[in-house]
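The chain contents come next:
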Amino acid sequence: MCFQQKMIHSLFLINCSGDIFLEKHWKSVVSQSVCDYFFEAQEKAIDVENVPPVISTPHHYLISIYRDKIFFVSVIQTEVPPLFVIEFLHRVADTFQDYFGECSETAIKDNVVIVYELLEEMLDNGFPLATESNILKELIKPPTILRSVVNSITGSSNVGDTLPTGQLSNIPWRRAGVKYTNNEAYFDVIEEIDAIIDKSGSTVFAEIQGVIDSCIKLSGMPDLSLSFMNPRLLDDVSFHPCIRFKRWESERVLSFIPPDGNFRLISYRVSSQNLVAIPVYVKHLISFKENSSSGRFDVTIGPKQNMGKTVEGVVMTVHMPKAVLNMNLTATQGSYTFDPVTKVLAWDVGKITPQKLPNLKGIVNLQSGAPKPEENPSLNIQFKIQQLAISGLKVNRLDMYGEKYKPFKGVKYITKAGKFQVRT
Amino acid sequence: MSGNGIGYGEQGGEVAPELAQEAAPTTAPSVPAAFGLFSSDTKKNEDLKQMLESSKDSAKLDAMKRIVGMIAKGKNASELFPAVVKNVASKNIEIKKLVYVYLMRYAEEQQDLALLSISTFQRALKDPNQLIRASALRVLSSIRVPIIVPIMMLAIKEASSDLSPYVRKNAAHAIQKLYSLDPEQKEMLIEVIEKLLRDRSTLVAGSVVMAFEEVCPDRIDLIHKNYRKLCNLLVDVEEWGQVVIIHMLTRYARTQFVSPWKTDEDVGDEYNENNFYESDEEQKEKDRKVKKTYTMDPDHRLLLRNTKPLLQSRNAAVVMAVAQLYWHLAPKSEAGIISKSLVRLLRSNREVQYIVLQNIATMSIQRKGMFEPYLKSFYVRSTDPTMIKTLKLEIMTNLANEANISTLLREFQTYVKSQDKQFAAATIQAIGRCATNISEVTDTCLNGLVCLLSNRDEIVVAESVVVIKKLLQTQPAHHGEIIKHMAKLLDNITVPVARASILWLIGEYCERVPKIAPDVLRKTAKSFTNEDDLVKLQILNLGAKLYLTNSKQTKLLTQYVLNLGKYDQSYDIRDRTRFIRQLIVPNEKSGALSKYAKKIFLAQKPAPLLESPFKDRDHFQLGTLSHTLNSRATGYLELSDWPEVAPDPAVRNVEVAESAKEWTAILSKTKKEKPTEKFYSESEEEEEDSASTSATESESGSESEKERKEESSSNESSESSSSTGVSSDSESEESTEKKTSGAAEESDSEDIKKKAKEISKSRSTFSSSDTESSSSEESSSNSKSESDSNNDSDTEKSRNATSSKVTTQVFVPTKMHEMLHRMTGKGLSAHYQFSRQPCIFGDRMVSVQVTLTNTSDQKIENIHIGEKKLPPGMRMHEFNPIECLEPERSVTVSMGIDFCDSTQTASFQLCTKDDHFNVNIQPPVGELLLPVTMSEKDFKKEQGMLTGMNETSATIDVAPQNSTSRVITERLMKAANLGVVPSGQDKIHRFAAKTVHSGSLMLVTVELKESSTAQLIINTEKTVIGSVLLRELKPVLSQG
């Protein structure tokens, strides 16, 4: 009896060498051979990044994501919003990450029973059931070294013996009966600058993407409200479900009962209409000589508009053209590596001191006879600035209601490079 | 696997070698590979069987873990079924869970044995713990054994009326499972769906709509009555449910409302070039014109309004669902708000980007304006995967117009040089499309492309040639130069498509390059045998065309080429040669056709259209799988066209009678006759209702306000208009403050009207429905916490056996208490009022609304609460500081105070920038309560337990006009926040509430006696409050 079924039918986990190392069916069993269509598409694609997320086969549809060197391939039988499945698969991967510290083939294989228990709780008949980490952790305890030792001695299990209440409560994202001796609430305001800088150094496109990641360890049922000095800066915001939308609409205050532990409170965008400060500049001279098998490479990175803070953790990666054989460079600071196979040049600069700007200079050896590469490669820059939110966003205060104790509160700001690319 | 390995090692060394053997087949991708080791498998299974039969839980658990490991790898473990199924009743939760996993996987294959486990589940279905009931239902319904269909049906039916919303949610899931097992059950299942659709829990909503979509998506009639409720619950439903509901409501709305963009369609499909010049202004103007004749159905508006906040969801699927809803349902001027959120999603994973970009591509063809401001967000990075790059390029091309084309072309120049050649080729195509679409830049583009012809990369050159060919075809008039240039290139280009394109161009326009064309033919004739088939065909074509136009010079050459073609290896080429020869070389056999040879070969050919590949996707609903694949997926539900005339909107009106019927059945007949009684029953219904439905009611409130003026004379019609009004649009999203103050005025007038008894009946109905609406508007603003409290009460219900339930208020006292007079407050005056809402700041708090008014002529800044002098235990949640209050303005803020169930005064300082004033809030005892609904039976049971010390009573006088049940209820509810308990007796009225802080029950009974007296009885644990309440309630009924 083959009847129409909505949503996710089966899930296959496949590693990079094409082995199916886990399968789970929520309805009747679908043969592994369905993955052959996936392998076919994978072969056609240039690289893993280009495997189409949605594949149509004669009887099924395959929707897949690629995370941490694993393909999560789900089998679908009928119409479904593809984002629904994609978002869910990412949630599964997030949960594995959360439980095992990494979402890798080894971790999944080592914890196959927990993985199965998790998948069982997360999806019922192909429809998502419990996806909040707080709830899942009440149902199935994450493995720890201590617990696995204790379990093997006492024969007890990692399935929670008390039944969870969170799923039933008014706040499905928070578990009940949280107790801490030290009550703490930390907020990390992390901003990333996405930018494209053109050859001449002018900004083609720049935008700030920010998130506030929270680590809340508060007993009981705290009700928090977080306000900003300049909430109008936030152009477009997306919220964790715990946030009361109406309060934000009317007062621009984030009011919420937090989940326990680590979670992302909001993500926001500061629009490109506002001028975005670009904290570094890059002087570059990359040239390939016509009819000769060498070229010059000279790059200097310097600070700019960094609000008096130190720019650190600077790393530059460049995908050199295929014709490049090797590079002979000297760095005034940090160290560089060039992988002749992938043609990736990585220069780990570290901290920028304005007195002595880091420079990387030398000769590029080209394959003899190959035509001169016509495009210079783009430079991808990473950096970090502590104690600064580049948009100027500032947390005003955090108030707690509903509980009597005084929590320890902390806010940390950090600015990083997001997709920061310099065209040369 | 290695995890299991560790487990093994701990048990003893002798099994270890097996492990190594077993690990080997896992690396091979296919299952049958395990066959070679079949013998060792059976041996191991023996060992597993023994472990399962052991008396130790730890051994069983280990065995089950290994079995689950086998299932996970897709190995067959079915022969262990008998051994495993025995453990279904295990006390150990983990073993039990793993057995469930096993059962769900293999029950279908071992049906007879699976039946052994059924009784365990049946027992668990009756367990007092809701989680156990739920999980039993889940497993039972997942066992795909047809024999148990009747058992499943019964279980689902029972679970659908379970007290726990969590169990009901699982029932909704089970519906789909049963349906796929046995579609025959459809009718019965629809009944259950119908019932669950009426459910008000946010937990159930998503799941039941999912079941609806699967079982009976065509039964749109089931949705009508629940439409408004679903709209209002939406914000509080979990994210996955939201997606499903939004998709369903999109389909629903397309069948029930008329198009908000009707006249737009006359303009024609939007993506033609004319429209391109049309600015947004014009579009808006058009919309405005439409508005004159078109008014949006309030329900349509409700849907748009309630889905909008979800654009802020962290879940990409929810955002996309709202985006498609706005795309398909909103007036075109409003759909713009979705672009920002969609662009935000582009920061997400590659897969999300892919889907979102596809959808934006489709949208950007039809409505460029929407995404134009975000053009730069689609700029390509060299690190993007190719599929993302090409989609971004597609969108940029769609968005190109005169204003941005120059920046865009500059950007494209960078892309053309990209190392990713596939992408570079796509960019050239894009340039070609821009060139045809925007006539101003055609020449620039063409020149640019010609420059590319000298590019070193062959693919780039080839692509350029192809695009140039297409461009030249659209305007061949003055491009002799380019053709000459291309002819020169022919020596260097080797890519067949490009060579073929050049040859075709020269042939087509051979009269423009009369000297070059024959020479090209000469050259290619030489290389004919080495050319690709594609090129050979074009050489033949070129020859034929030259023969017709310039036979003097080329006759021999052409014949030479034709001869070569005649002996070619390819069938196609031989065929073509024969055909051409017959056509162009006149001989005695050739028919009439050769006369027309020139016309045939050199006919005016239509220029190819350079179009977006996303052009034809718009007939699929956005965000669907079908849209992504651009082909109809199984189970795709067509989005219908707007109806010409909207079906009757009244079908969505939630009848007053619905729950009143049950009510009136309990109540005596006499009550039925009074129309006013109905009003109460309606509000009673609302009471049960989660507060989030209130927005509907508020809609109806404002409606009835309008209607009142027209209808004030006709009392009879009062009921109908107190339900939802439908006649006119109600776009007005008035601010909450405004409404509250409006309500306050309303209530003043209410008091006056009361005195004029004759009219008051109908009016009071209205005005109280007005106050109600205003308060419920507020409650919707707090809807999250509000419905939370509702859920909370649900759980409470299952915890306490009393089955009592906190409900939202029926009646909101409109009395304002003065907190700060304007004289003492130096222009700032403050009043407070008890909103009778469950407090959002804490469930032990009473919510208080403070209205601050600035009566001075200067603005007052930084109004906040200063030092608090609270009695011990009392707590207060302050309102957020008000930065500035303009003169003549007032603002209402809410705060929460935990009075600890006492009537002690909360004193605190109200501060402004310069001053501080000492103020007090003293609660009337009636405000320290929250109403509770319970049945008469429960009431009596509870009352029975609260006798003796816990009972206080008094005999009171009742003024004759106060002896009707309506007035009694009204008056008591005004004095205290009580819930009405349905009563079977005429003379006895019962009310129930619980104290806010401690949650103790407070039961009030009014028993009418002879000669206008009555017995007032109060039962409660909190005797102090009980006696205070008694004192307060005493005078209520005696006053006239």
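Look up: the structure comes first, before these words.
Residues numbered from 1 in each chain as written. Chains lettered and ligands numbered in written order. Predicted model: local features only at pLDDT ≥ 70, side-chain atom pairs only at ≥ 80, totals over all residues. Heavy atoms only, no water.

A.B. asks: Tell me about the interface of chain B and chain A, and please be specific about residues and values.
C.D. replies: By a widespread convention, an interface's size corresponds to the accessible area lost as its parts come together. Across the contact, 121 residues belong to chain B and 117 residues belong to chain A. Buried area between chain B and chain A, both sides added, is near 10,400 Å², and the carbon and sulfur share of it is 55%. On the surface where chain B and chain A come into contact, there are 10 salt bridges. Of the charged contacts in the structure, one is a salt bridge between B:Lys97 and A:Glu121, with a shortest N-O distance of 3.5 Å. With nine residues, helix H10 (residues 165-181) of chain B is the single largest residue contributor to the side of chain B that touches chain A. Residues that form the side of chain B that touches chain A fall into these classes: 44 nonpolar, 45 polar and 32 charged. (Contact = heavy atoms within 4.5 Å. Buried area = accessible area lost by both parts, 1.4 Å probe. Salt bridge = Lys/Arg side-chain N within 4 Å of Asp/Glu carboxyl O. Helix = DSSP H or I, 4+ residues; strand = E, 2+ residues; numbered from the N terminus. Nonpolar A, V, L, I, M, F, W, Y, C, P; charged D, E, K, R; others polar.)

A.B. asks: Can you break down the packing of helix H8 (residues 130-142) of chain B against helix H9 (residues 149-160) of chain B residue by residue, with the values?
C.D. replies: Residues and elements named next belong to chain B. Two elements in contact, H8 and H9, have axes separated by 10 Å at closest approach and are oriented at 150 degrees. By the angle between their axes, H8 is roughly antiparallel relative to H9. Seen from above, H8 lies across H9 with left-handed handedness. Residue-level contacts link Leu137, Leu140 and Ser141 of H8 to Ile151, Met152, Ala155, Ile156 and Ala159 of H9. Split by residue class, the contact of H8 with H9 holds seven nonpolar, one polar and no charged. (Axes fitted to C-alpha atoms, helices over the stretch in contact; angles between N-to-C directions. Parallel < 35°, antiparallel > 145°, perpendicular 65-115°, else oblique. Left-handed = near helix turned anticlockwise from the far one by under 90°.)

A.B. asks: If you had to explain the packing of aromatic side chains to someone new, which residues and values would you point to?
C.D. replies: Overall, the coordinates contain 23 aromatic pairs over all chains when judged by the stated rule. Relative to B:Phe378, the ring of B:Phe371 lies with its centre 6.5 Å away and its plane at 70 degrees, an arrangement referred to as edge-to-face. By the burial criterion, B:Phe371 is buried, and B:Phe378 matches it. Taken together, A:Phe38, A:Phe39, A:Tyr66 and A:Phe71 form an aromatic cluster joined through their ring pairs. One cation-aromatic arrangement involves A:Lys24 over A:Trp26; the distance from NZ or CZ to the ring centre is 5.4 Å. Above the ring of B:Trp504, the side-chain terminus of B:Lys469 is found at 5.1 Å from the ring centroid. (Phe/Tyr/Trp six-rings, centres within 6.5 Å; stacked < 30°, edge-to-face > 60°. Buried < 20%, exposed > 50% of the residue type's maximum accessible area, 1.4 Å probe, protein only. Lys NZ or Arg CZ within 6 Å of the ring centre and 35° of its normal.)

A.B. asks: Which residues make up helix H45 (residues 936-945) of chain B, and what values do they have?
C.D. replies: Residues and elements named next belong to chain B. Restricting attention to buried positions, one finds in H45 the residues Glu936, Asp938, Phe939, Glu942 and Gln943. The arc enclosing the buried residues of H45, seen along the axis, measures out at 160 degrees, which places them on a common side. Opposite the packed face of H45, turned more than 90 degrees from it, sit the exposed residues Lys937 and Met945. Structurally, H45 contributes buried residues whose contacts are with strand E13 (979-981), strand E14 (988-995), strand E15 (1001-1008) and strand E16 (1013-1020). (Arc of directions from axis to C-beta.)

A.B. asks: Give me the sheet that holds strand E20 (residues 359-366) of chain A: which residues, what numbers.
C.D. replies: All names here are of chain A. Taken in spatial order, the four strands line up as E14-E15-E20-E17 in an open sheet, and their pairing is antiparallel. Each end of this open sheet is capped by a strand with a single partner; those strands are strand E14 (280-288) and strand E17 (324-331). The sheet shows a mean angle of 15 degrees between the axes of neighbouring strands, direction not considered. Where E17 lies against E20, seven bridges are found, and the strand directions are antiparallel. Along E20, the bridge assignment pairs Met327 with Val364. (Pairing = 2+ DSSP bridges.)

A.B. asks: Before we move on, can you summarise the sheet that holds strand E9 (residues 203-217) of chain A with the specific residues and values?
C.D. replies: The pairing of strands in a sheet happens through backbone hydrogen bonds and is either parallel or antiparallel. Residue and element names in this part refer to chain A. An order of E11-E13-E9-E8-E23-E21-E16-E19-E18 is seen for the nine strands of this open sheet, with the pairing classed as mixed. Each end of this open sheet is capped by a strand with a single partner; those strands are strand E11 (236-239) and strand E18 (335-339). Strand-to-strand twist in this sheet, taken as the mean axis angle between neighbours without regard to direction, amounts to 15 degrees. In this sheet, strand E23 (residues 408-422) lies alongside strand E8 (residues 184-197) in parallel orientation, the contact comprising 13 bridges. Bridge pairing links Ala195 to Phe420 in E23.

A.B. asks: So what's going on with the pairing of E16(B)? Which residues, and what values?
C.D. replies: All names here are of chain B. Counting buried residues in E16 gives seven out of eight residues, a clear majority hidden from the surface. Relative to E16, strand E12 (residues 951-957) is paired through seven bridges, and the arrangement is antiparallel. Paired with Ser953 across the bridge in E16 is Ile1017. Sheet analysis places E15 next to E16, joined by seven bridges and oriented antiparallel. Within E16, the position partnered with Val1006 by the bridge is Leu1016.

A.B. asks: A description of helix H12 (residues 202-215) of chain B should follow, citing residues and the corresponding values.
C.D. replies: Because each turn of an α-helix spans 3.6 residues, side chains separated by three or four positions in sequence point in the same direction. Residue and element names in this part refer to chain B. Helix length check: H12, at 14 residues, gives a terminal C-alpha distance of 21 Å against a target of 20 Å (1.5 Å per residue), a fit within 8%. For H12, the tally of buried residues reaches 14 of 14 residues, placing the bulk of the element in the interior. Near the N-terminus of H12, the side chain that reaches the backbone nitrogen of Leu203, with its oxygen 3.0 Å away, is that of Ser201. (Expected span 1.5 Å × (residues − 1). Polar contact = N/O pair within 3.5 Å; in protein donor to acceptor, adjacent residues only side chain to side chain.)

A.B. asks: Before we move on, could you go through the pattern of salt bridges and cite the residues and values that matter?
C.D. replies: This structure, assessed with the given rule, holds 53 salt bridges over all chains. Salt-bridge contacts for B:Lys392 lead to B:Asp384; the nearest nitrogen and oxygen are separated by 3.0 Å. Because the salt bridges share partners, they merge into one network encompassing A:Glu87, A:Arg91, A:Glu132, B:Glu239 and B:Arg314.

A.B. asks: So, the pairing of strand E15 (residues 294-303) of chain A: which residues are in play, and what are the values?
C.D. replies: Residues and elements named next belong to chain A. Counting buried residues in E15 gives eight out of 10 residues, a clear majority hidden from the surface. Sheet topology note: the E14/E15 ladder contains nine bridges and is antiparallel. Bridge pairing in E15 links Tyr281 to Gly302. Between E14 and E15, which follow one another and run antiparallel, lie five residues, and Asn291 among them has a positive phi close to 60 degrees.

None of the figures reported here should be taken as evidence of function without further support.
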